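Read off the chains here:
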Amino acid sequence: MKRLIHILCLSLLIGAGQAHAEDQVLGWQKFKVKDAQKDRPIEGLVWYPAENDARVKRIQSNGVWVGVDAAKKATPLEGQRPFVVLSHGLYGNERNQNWLAEALVTKGYIVASLSHPGTSSWLRDTGDARQLWERPRDVSRVISHLLDDDTFAPRIDPKNIFMGRHSLGGWTAVWLAGGRYDGDKVKTDCAADPSELICKIGDTWRIAKTEEDIVSMEQDLSDPRIKAIAVFDLGGTQTFAPETLSTIKTPLLVIGSPKPSMGSLDLDRESRALIASLPKDNVRYIEPTSLTHFDFLGVCTDRGMDILENEVPGDGELCEGGTDERIADHALISDAVISFFADP
């Protein structure tokens, strides 16, 4: 009964913020984190329920990606709302989950998506990539920035802050939930099997190759402001100290992708291994048979696969099943995420 009352109250809260939904549009604007860490500028996008007072147009679309319909700098609707931060995967960017941002905003959420320096599409400095411990800090900095923003601070409910993470972003999320990197474990595991993806990435980016960097990687990067986290086909589970995973209190929704693709991860070493290590009361796991690793990216155009394949042979797989099938998968994913955030 308590759970039913909780869901009903949250539904009423969101519903109140969505009054006159016919006049509501998907608003968006850019943000840039303003804090003392000037050597690592963080930029991204804020998505929000907005007044219908600005032009709605298709954005972030090209020959490969469909994009979304949104109004730039539209006036945000009044009232406090739950807040979600989205983090991309390896060499992804702030646009990768715009479809999920749109779905969340439709349900009354405010959403921020960011590009991580060093590991995003256009920011590939190896020095930034080496400092992987900064990725969770990026998220915390975005939360602090928007909680101090004149426009969005009054509209964000600080007791209802959530995260959604894909791939390397999922790894970032587990850090923020309380997982701790284990340098000795990584060294032992990579000596036994250097072909592991995380070992290859570690060698390429020179991750944790000095004592100073190991200390930085092993620090506590949890953020207690985050109420619950959705993790999408993460990689890097084996880098965490098992004893830290077993004591995580933040509720997690973990989604695994079992359908083979170019980017397939070993679920037994990743998503399944993660849920086996987490407290049973704090985790939900789904593994829809239709999902590939790239189904968390945007919807592709009919020409998307051919364009990518012509540019870089093999990249066309990012758009395999990326139109109608991906639209259906996005509906499945967003329904699972929204349901989880409503009652983590």
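The rules we used
Residues numbered from 1 in each chain as written. Predicted model: local features only at pLDDT ≥ 70, side-chain atom pairs only at ≥ 80, totals over all residues. Heavy atoms only, no water. Helix = DSSP H or I, 4+ residues; strand = E, 2+ residues; numbered from the N terminus. Buried < 20%, exposed > 50% of the residue type's maximum accessible area, 1.4 Å probe, protein only. Disulfide = S-S within 2.5 Å. Salt bridge = Lys/Arg side-chain N within 4 Å of Asp/Glu carboxyl O. Core = buried A, V, L, I, M, F, W, Y, C linked by side-chain atoms within 4.5 Å. Contact = heavy atoms within 4.5 Å. Axes fitted to C-alpha atoms, helices over the stretch in contact; angles between N-to-C directions. Parallel < 35°, antiparallel > 145°, perpendicular 65-115°, else oblique. Left-handed = near helix turned anticlockwise from the far one by under 90°. Nonpolar A, V, L, I, M, F, W, Y, C, P; charged D, E, K, R; others polar.

(A) Structural detail: unusual backbone geometry. Phi at Lys73 is positive, roughly 60°, even though this residue is not glycine. Of note, Lys73 is situated in the loop between β4 (68–72) and β5 (81–87). Residue Ser167 is not a glycine yet carries a positive backbone phi of 60°. Of note, Ser167 is situated in the loop between β7 (156–166) and α5 (168–177). Accessibility expressed as a relative area gives 12% for Ser167, which makes it buried.

(B) Representation of the state of the cysteines. Enumeration according to the criterion identifies two disulfides in this entry. Between the sulfur atoms of Cys190 and its disulfide partner Cys199 the distance amounts to 2.0 Å. Across the S-S bond linking Cys190 and Cys199, the dihedral sits near -90°, which makes this disulfide left-handed. Here Cys300 engages in a disulfide with Cys319; their sulfurs sit 2.1 Å apart. With the S-S bond torsion at -80°, the cross-link from Cys300 to Cys319 turns out left-handed. Residue Cys300 is located in the loop between β10 (283–286) and α11 (304–311), and its partner Cys319 is located in the loop between α11 and α12 (324–342); the two are separated by 19 residues in the primary sequence. There is no split in this pair, since Cys300 and Cys319 are both buried. Here the disulfide map of the chain reads 1-2, 3-4, the bonded cysteines being numbered as they appear in the sequence.

(C) Spatial organisation of the pattern of salt bridges. Within this structure, the stated rule accounts for 17 salt bridges. Here Asp189 and Lys185 are joined by a salt bridge, their closest N and O atoms 3.0 Å apart. Remark: Lys185 and Asp189 occur in helix α6 (residues 183–192); sequence separation between them is four residues, near one turn of the helix. Classification of Lys185 as partly exposed rests on a relative accessible area of 24%.

(D) Inspection of the nonpolar core at higher detail. If you look at the biggest cluster of nonpolar residues, it comprises 57 residues, and the most contacted ones within it are Phe83, Trp175 and Leu252. With seven residues, the top contributor of residues to this core is α5. Apart from residues lying up to four places away in sequence, Trp175 is in contact with Leu132, Trp133, Pro136, Tyr181, Met217, Leu221, Ser222 and Phe240. Within the second largest apolar cluster, 29 residues are counted, among which are Trp47, Val68, Leu104 and Phe340.

(E) The packing of helix α2 (residues 98–106) against α12, seen in detail. With their axes 10 Å apart at the nearest point, α2 and α12 run at an angle of 50° to one another. Between α2 and α12, the angle falls in the class oblique. By crossing handedness, the relation of α2 to α12 is classed as right-handed. Between α2 and α12, the contacting residues are Trp99, Leu100, Ala103 and Leu104 on the first element and His330, Ile333, Ser334, Val337, Ile338 and Phe341 on the second. Its residues placed into classes, the contact of α2 with α12 shows eight nonpolar, two polar and no charged.

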